[in-house]
Amino acid sequence: MSNELKSFLEGLDSLAHDCESRKGQACSLNELDELRIEFLGRKGKLAQSMGALGKLDNTDKPAAGKKANEIKQSITALIDSWQAELNAAESGKAMSQFDPTMPGRKPWAGSLHPVTLVMDEVCDVLTGLGFEHAAGPEVENDWHNFEALNIPPEHPARDMQDTLYVSEKIVLRTHTSGMQIRSMLKQEPPLAVIAPGKVYRRDSDLTHTPMFHQIEGLLVDKNVSMGDLRGTLTVFVRQVFGPKTEVRFRPSFFPFTEPSAEVDISCVMCGGKGTSDGKTCRICKGTGWVEILGCGMVDPNVFKSVGYDPEVYTGFAFGLGIERIAMLKYGIGDLRMFFENDVRFLEQFA
Amino acid sequence: MLVSLNWLREFVPYEGDIQVLGDKLTMLGLELEGIEDPFENVQDIVVGHVVECESHPEAEKLSVCTVDVGDAETVTIVCGAPNVAKGQNVPVAKVGTVMPEGMKIKKAKLRGIKSFGMICSESELGFSDDHDGIWVLDPAFKVGDKLVDALNLERTVFDFDITPNRADCLSILGFARETALAFDLPLTMPKLNLIESGGNAADDLKILIDDPELCPLYNGRILRGVETKKAPDWMRFKLMALGQRPISNIVDCTNYIMFELGQPLHAFDLDLIEDATIRVAPATDGMKFTTLDAVERTLTANDLLIWDGKKPVALAGVMGGINSEMHAGSTNVLLEAAVFRPGTIRKTARRLSLPSDASYRFERGVDQVMNRFAMDRAAQLMAETSGGTVVSGVSSNEPKPWQDRAHGYRHDRCMSLLGLDLEPDFAKKVFEGEGCTVDDSDPANWTVSSPSYRLDLEREVDLYEEVGRVFGLDQIPAVLPKVSKSLNTSVAAETQYGFIKGIKAWGAGAGLNEAINYSFVGDDDLDRLNLPAEGRVHIANPLSADQNVLRTDIAPGLLNTLKNNLAQGNNHVRIFEVANKFIADAESETETSEHSRLGILLFGPRHATEWPWAAGEADFLDIKGHVEHLVENQLKLAAPDFALTEDHAYLEPCVEVKIGDDIIGIMGKVKEDIADFYHAKKDVWLADLDLDVLRAMTTAHAIKFAPLPIFPPSRRDVTVIGPATLQAQAIRDAIQNAGIKILESVELVAEFVPENQEEGKEERNLSFRLTYRHATKTLKDKQVDKEHKKVLAALEQNLPIRF
Ligand SMILES: [Zn+2]
């Protein structure tokens, strides 16, 4: 090896050492850039050392070139690694000051009224079974609300519903059943409709508000039986209140159905045991059952009033109070809260 | 309906658990509401024996008694009653006992002598109105026993809810029948032991009935020589157990029979009945009649009266008259047992607000065949309890005798309706168990005759119900029906429910809370908003004056909601409501037209008050933004026009919202004086949109996809300086009407109002960004500049503006 070559290579090695010895001196990305220029810039130390390359013997040039390349790469790698360290430190500092617990820019949260939530849920279950929506007026005439439903004037059943009157023959509908009549007058069987809406009674106390919501269901066809009614309501109850809910049919009386039944479900609070926390359950009053709806087979007189032949068709009807179900479902104790519309109440429902 | 267990057991030997009985009857359709102890309020009273009784040394009206109450030691009780005496058995409330009125007995010192308890009178224990002194009990009673046990009082009374069809269950007898049916037990009727004393009642009293439909049967019995006094204890206690206040032996006997057998009865003082005549005939319009509660009633021709030969003596089936009632000195009795038309009794009792146990039973229908037995048993009890005698025979008029009713019964049809498969024998057993007679000589179509007490068994389908009820509706196998549909109806367009559901989902998504208000408000609420008086639909029998009229506008309910919330300290209220408003409409079959509305109310901060939201109160642009978002983004309808309207009833400013020629609603700020009433100290922004119109538009509107642009847009901004009275829409219109084909859209990007402007010459700067685009090529700058200049020229030409 020629001396010239030897000293060239030594110069390169000392350059590398020089750079290594500068470790830790560049504390910022700017200082590091200066360092990079000092060694690798166009007029940097490496470039200066390379000036001696031309003076070497041609036979030494390949070895010298190779070495120079190695040194350039090792210095570059060294400075890159320092830059990576500096970058990591910078971003670590930035992250340590990033506060994910500051409040988000959250839009107002709206809500649906619990009556709407339950109404939609019930309607969804029933439309899923094939029922279609029907609608009718809230101010009804006596015929649709009472007479066509087999409730003649003077009938004691009129006492079952305290009525708000507009005039002698016009009432605020006391139930959604009037919509059944309108649907049947419009259409021949088969017929499967649900009629949700507001209803009104002349009643106001802890457990009654003068306005509340009902959903009425009606199915008319050939050979509809009480077993069909039980099946429909069992499916409905279990979808709304859970698959383990027990359903009980108790004979009752409604003028527009015969036979008629009231439907109780196993108490949602105590699970039908009648007691919770060792005390008599306040929801079911210890009976283990809560009443949720009324139903029955459509009375032949109702069919006659809309011109259906009761010898050909049978059907079932049921009606349920939405607030009652919402109270059970959400654990709302006071019926009047539904219509006070306190936003702190409303905001609790999605 | 209260049912006493021991009374029930006189008819049917049920010895089982009382809850089991209640549950079983519940599942037969007689719903048990509760089981009560009617004498719970005196359960701690004990039988005491007065061992010594001396005058109080300090007060001669007081006695100092030494009373044995069955405890190890006697107690001293100072007693003020004049009739207390040594050797008596008396009811004693010991120290710690709570009296029926709620007073707790404590140790007391009376004129220096300590007293440990109280010797009670009948009135103090709620057994009579007797204030004459302490209650002296049977000397045979065992000292220390509870009074309720010594008197053998009823401790179990069921409270059942009876549906209007089950008139037969408005008596102990009716419940006995159902209990016998439920537990397969024998039914025993009370033995009649009526002793007649000669004469002939038919000679003493003539009964005339004007209209057999109104009164199919009127029976009368006559008793002579009765003494009106307190009824015997056993009778009084049984009535008290059912919550009845005993009155006198004669009246108590009529009540006793009504509760036992279901037949209401009435006792007249025979000596006050003139001309030995009873006539059943309607009243006349406007005539006055004083009932035995001393209230003068004005009658109508629909009311049915009982008359004697000269005057009305009772409001049939509802209440007797004061001119013929039994009183302390009465000695001769006319006992009435009649059947009246249910609807007539109901109408009178309702109109006069005179519901009574008697009218309640007549309204639902009484057993015409049982009538005679009930009357005879009542006459027997009256004679036994009053010392009177019963005149032989009955004065009777039955213009419309009871007709047995027969109904066809097809077992297969019954099974198909119930969804059951039972042997015909089961049905037969049910019917016979209920007192029906069954002719099944035609196996496919039986003839079933129902008994006179089951007025609800009127039709074949009523028999189906009996089969289902007795078998147990709860035992019917549940199946899911096949819901068939006809081709024509299942292709329904979106329903109103579906449309409203979408609107509500939008409201909740837009950050509003859904409210539901009553459909009725008070006239005051509407007057306050200056809403017109005509067109209001009033409720004839409102619960209160603030609920006497249906909403003619959505606003009153929303404003009441705002007021309620402010009262609760809720200072941001952002609500919406979907509801009908109601307008009188003579054309409608319901005399009312109903209009579906969406109301939105914004009050308080625009955003949550928490950082990082900027502070700021909701203003016009917030309410407008909601309307625009609903109409344009949710319903995908055209951008509406907004125009200021003047003289709105309760909004100022009030902006009318239109699409084309259709008004879709209004919005604006509630006038300040009105807002004040609702305690709103900040602006209240309200929108009221017509959902009927919007739904019709949405249904008619079909979404058409427009291809996406291929070539790039060019944008130019312009700031227009104009008078502050110049509306943004006018500038926008002028830009859009300049006839520039390549103008794609115009956006307002900034508003600037310079400060310190000269009064009357206020200006503002509005900056618009115009987007130009050509459908088939890339626009050159020059070309855009040329078109943009045309726009500016048009603006300058048409509006009082500069740039
Ligand atoms: Zn419970």
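Residues numbered from 1 in each chain as written. Chains lettered and ligands numbered in written order. Predicted model: local features only at pLDDT ≥ 70, side-chain atom pairs only at ≥ 80, totals over all residues. Heavy atoms only, no water.

1. A word on the overall build of chain A
The criterion, for reference: Elements are defined by DSSP. Helices are runs of H or I of four residues or more, strands are runs of E of two residues or more, and each kind is numbered from the N terminus. Each radius of gyration reported is based on C-alpha atoms, and the globular scaling rule is 2.2 Å times the count of residues to the power 0.38. Under the scheme applied here, a residue whose accessible area is under 20% of the maximum for its type counts as buried, over 50% as exposed, and between as partly exposed, the area being computed with a 1.4 Å probe on protein chains only. In what follows, residue pairs with any heavy atoms lying within 4.5 Å of each other are defined as contacts. When charges are counted, Lys and Arg contribute as positive and Asp and Glu as negative, whereas His and the chain ends are disregarded. Here the site of a charge means NZ on Lys, CZ on Arg, CG on Asp, or CD on Glu.
Along chain A, the regular secondary structure elements total 12 helices and 12 strands. Relative to the globule expectation of 20 Å for 350 residues, the C-alpha radius of gyration of chain A, 43 Å, shows a markedly less compact shape. Judged by the C-alpha coordinates and their principal axes, chain A covers about 130 × 45 × 40 Å. Counting every position in chain A, which comprises 350 residues, the buried fraction comes to 52%. Taking contacts inside chain A between residues at least 6 apart in sequence as the whole, the part at least 24 apart equals 68%. Charge separation in chain A, taken as the distance between the mean sites of 38 positive and 48 negative side-chain charges, equals 6 Å.

2. Quick word on the overall build of chain B
Counting its secondary structure elements, chain B contains 21 helices and 37 strands. Taking 28 Å as the expected radius of gyration for a compact globule of 803 residues, we find that chain B reaches 41 Å, considerably beyond that expectation. Its C-alpha atoms give chain B principal-axis dimensions of about 130 × 90 × 55 Å. When the 803 residues of chain B are sorted by exposure, 51% land in the buried category. Sequence separation of 24 or more characterises 69% of the internal contacts of chain B that already satisfy a separation of 6 or more. Both charge centroids of chain B, one from 84 positive and one from 125 negative side chains, sit 6 Å from each other.

3. Some thoughts on the side chain of Thr254 of chain B
Positionally, Thr254 of chain B belongs in helix 7 (residues 249-261). Setting aside residues up to four positions removed in sequence, Thr254 of chain B forms contacts with Leu265, His266, Ala267, Leu335 and Met382 of chain B.

4. Quick word on the pairing of strand 10 (residues 157-161) of chain B
Regular strands have side chains that alternate between both faces of the sheet. Residues and elements named next belong to chain B. In plain terms, the rule: Here a strand pair is declared whenever DSSP counts at least two bridges between the two strands.
Strand direction decides the pairing type here: strand 1 (residues 2-4) and strand 10, joined by 3 bridges, are antiparallel. Its bridge partner being in strand 10, Ser4 is matched across the sheet by Val157. Sheet topology places strand 2 (residues 31-36) next to strand 10; 5 bridges connect them, and they run antiparallel. Bridge pairing links Glu31 to Asp161 in strand 10.

5. Description of the sheet that holds strand 32 (residues 651-659) of chain B
Residue and element names in this part refer to chain B. This is how it is decided: All axes are obtained by fitting lines to C-alpha atoms, using only the stretch in contact for helices, and the reported angles, taken between N-to-C directions, cover 0 to 180 degrees.
Within the open sheet, the 7 strands sit side by side as 26-29-30-34-33-32-31. Their pairing is mixed. Looking at which strands have only one partner, the edges of the open sheet turn out to be strand 26 (513-514) and strand 31 (641-645). With 5 bridges joining them, strand 31 and strand 32 adopt antiparallel strand pairing. Considered in strand 32, the bridge of Thr645 is made with Cys654. Sheet strands touched by helix 14 (residues 496-509): strand 26, strand 29 (573-584) and strand 30 (592-603). Its angle to strand 29, the strand with the most contacts, is close to 150°.

6. Details of the nonpolar core
The condition that has to hold: Throughout, nonpolar core names a set of buried Ala, Val, Leu, Ile, Met, Phe, Trp, Tyr and Cys residues whose side chains join them through atoms within 4.5 Å.
Formed by 114 residues in total, the largest nonpolar core has its most connected members in Phe236 of chain A together with Tyr409, Phe431 and Leu601 of chain B. The contacts of Leu601 of chain B, once residues within four sequence positions are left out, are Leu558, Leu559, Leu562, Val573, Arg574, Ile575, Val684, Trp685 and Leu686 of chain B. Judged by nonpolar contacts, the second largest core, of 54 residues, contains Ala182, Val226, Met326 and Ala383 of chain B.

7. Focus: the pattern of salt bridges
Spelled out, the test is: The term salt bridge refers to a pairing of a side-chain nitrogen on Lys or Arg with a carboxyl oxygen on Asp or Glu at a separation within 4 Å.
Under the counting rule described, the total for this entry stands at 78 salt bridges over all chains. Taking the shortest distance from any N to any O, the salt bridge between Glu31 of chain B and Arg250 of chain A comes out at 3.4 Å. Here Glu31 of chain B is found in strand 2, whereas its partner Arg250 of chain A is found in strand 7 (residues 247-254) on a different chain. Judged by its relative accessible area of 16%, Glu31 of chain B falls in the buried class.

8. Here's the deal with the domain arrangement of chain A
Interfaces are often described in size by the accessible area the parts lose on coming together. Basically, it comes down to this: Throughout, the edges of the domains are those of an automatic or database domain assignment.
According to the domain assignment, chain A contains domain 1 (3-96) and domain 2 (114-349). The C-alpha centroid of domain 2 of chain A is placed 88 Å from the C-alpha centroid of domain 1 of chain A.

9. Quick look at the domain arrangement of chain B
Residues and elements named next belong to chain B. How we decide: Accessible area, probed at 1.4 Å, shrinks when two parts are joined; the buried area is that loss added up over both. Whenever two N or O atoms come within 3.5 Å, that pair is a polar contact, provided that in protein one can donate a hydrogen and the other can accept it, and provided that, for residues adjacent in sequence, both atoms are side-chain atoms.
As far as domains go, chain B holds domain 1 (2-38 + 155-183), domain 2 (40-150), domain 3 (201-397), domain 4 (406-475), domain 5 (496-700) and domain 6 (714-798). Computed from C-alpha coordinates alone, the two centres of domain 2 and domain 3 are separated by 40 Å. Facing 7 residues of domain 2, the contacting portion of domain 3 comprises 5 residues. Carbon and sulfur atoms make up 47% of the area that domain 2 and domain 3 hide from each other, which totals about 400 Å². The largest share of the area that domain 2 buries against domain 3 comes from Glu122, Phe127 and Asp129, three residues that together contribute 67% of it. Remark: the boundary between domain 2 and domain 3 carries 2 residue pairs in polar contact (both at pLDDT 80 or more).

10. Brief notes about the sheet that holds strand 5 (residues 75-79) of chain B
Residues and elements named next belong to chain B. Here 5 strands make up an open sheet; going across it, the order is 5-4-3-6-9 and the pairing antiparallel. Of all the strands in the sheet, just strand 5 and strand 9 (118-119) have a single pairing partner and so form its edges. Here 2 bridges tie strand 6 (residues 89-93) to strand 9, and the two strands are oriented antiparallel to one another. Opposite Ala93, over in strand 9, you have Met118 as the bridge partner.

11. Structural notes on helix 12 (residues 424-433) of chain B
Residues and elements named next belong to chain B. The cut-off we apply is this: Directions pointing from the helix axis toward each C-beta atom define the arc.
Residues of helix 12 that are buried: Ala427, Val430 and Phe431. Seen from one end, helix 12 has its buried residues packed into an arc of 95°, which puts them on one side. Exposed residues lying more than 90 degrees from the buried face of helix 12 are Asp425 and Lys429. In the core, the buried residues of helix 12 are packed alongside strand 23 (405-409), helix 11 (411-418), strand 24 (437-439), strand 25 (446-450) and helix 13 (460-471). Looking at the residues trailing helix 12, positive phi occurs at Gly435, about 90°.

12. Considerations on the coordination of the zinc ion
Working reference: metal with six octahedral donors, ideal angles 90 or 180 degrees; metal with four tetrahedral donors, ideal angle 109.5 degrees. Residues and elements named next belong to chain A. The test is simple: Because water is not among the atoms used, a metal site may look incomplete, as its donors are only the N, O and S atoms within 2.8 Å, or 3.2 Å for Na, K and Ca. Under this scheme a four-donor centre is tetrahedral when all angles range from 85 to 135 degrees, a four-donor centre is square planar and a six-donor centre octahedral when opposite donors are above 155 degrees with the rest from 65 to 115, and any other centre is irregular.
Of the protein atoms, only Cys267 (SG), Cys270 (SG), Cys281 (SG) and Cys284 (SG) coordinate the zinc ion, at distances of 2.2 to 2.3 Å. Geometry at the zinc ion is tetrahedral, judged from the 4 donor atoms that bind it and their angles of 105 to 117° at the metal. Considered as a linear motif, the donors of the zinc ion on their single chain read C-x2-C-x10-C-x2-C. On the criterion of sequence distance, the pair formed by Cys270 in the loop between strand 8 (257-266) and strand 9 (275-276) and Cys281 in the loop between strand 10 (279-280) and strand 11 (289-298) is long-range, its members being 11 residues apart. Like Cys281, Cys270 is buried.

13. Considering the interface of chain A and chain B
Formally: Asp, Glu, Lys and Arg are counted as charged, while Ala, Val, Leu, Ile, Met, Phe, Trp, Tyr, Cys and Pro are counted as nonpolar; the rest, among them Gly, fall into the polar class.
Between chain A and chain B, the residue contacts involve 102 residues of the former and 94 residues of the latter. When chain A packs against chain B, the two sides together hide about 8,000 Å² of surface, and 55% of this comes from carbon and sulfur. In terms of surface lost to chain B, no three residues of chain A exceed Trp108, Glu154 and Pro251 of chain A, which account for 11% of the buried area on that side. Summed over the shared surface of chain A and chain B, the number is 6 salt bridges. Between Arg182 of chain A and Glu589 of chain B there is a salt bridge; the shortest N-O distance is 3.0 Å. Linking chain A with chain B are 45 residue pairs in polar contact (both at pLDDT 80 or more), by the criterion used here. Top element by residues in the side of chain A that touches chain B is helix 8 (residues 226-241) of chain A. It accounts for 8 residues. Of the residues belonging to the side of chain A that touches chain B, the class tally is 45 nonpolar, 27 polar and 30 charged.

14. Considerations on the confidence of the model for chain B
Keep this limit in mind: Confidence scores labelled pLDDT are given residue by residue by the predictor and lie between 0 and 100.
Per-residue confidence for chain B gives a mean pLDDT of 93; residues scoring 70 or more make up 99%. This complex was scored by the predictor with a pTM of 0.84 and an ipTM of 0.85.

15. Section: the side chain of Asp367 of chain B
Residues and elements named next belong to chain B. If you trace the backbone, Asp367 turns up in the loop between helix 9 (357-364) and helix 10 (371-386). Here Asp367 sits buried without a salt bridge, and the closest side chain of opposite charge, Arg177, lies 4.4 Å off (N-O distance). Engagement of the side chain of Asp367 in a polar contact is seen with the backbone nitrogen of Val369, the distance being 3.0 Å. With residues near it in sequence (within four places) discarded, Asp367 still touches Arg177, Gln263, Ser452 and Tyr453.

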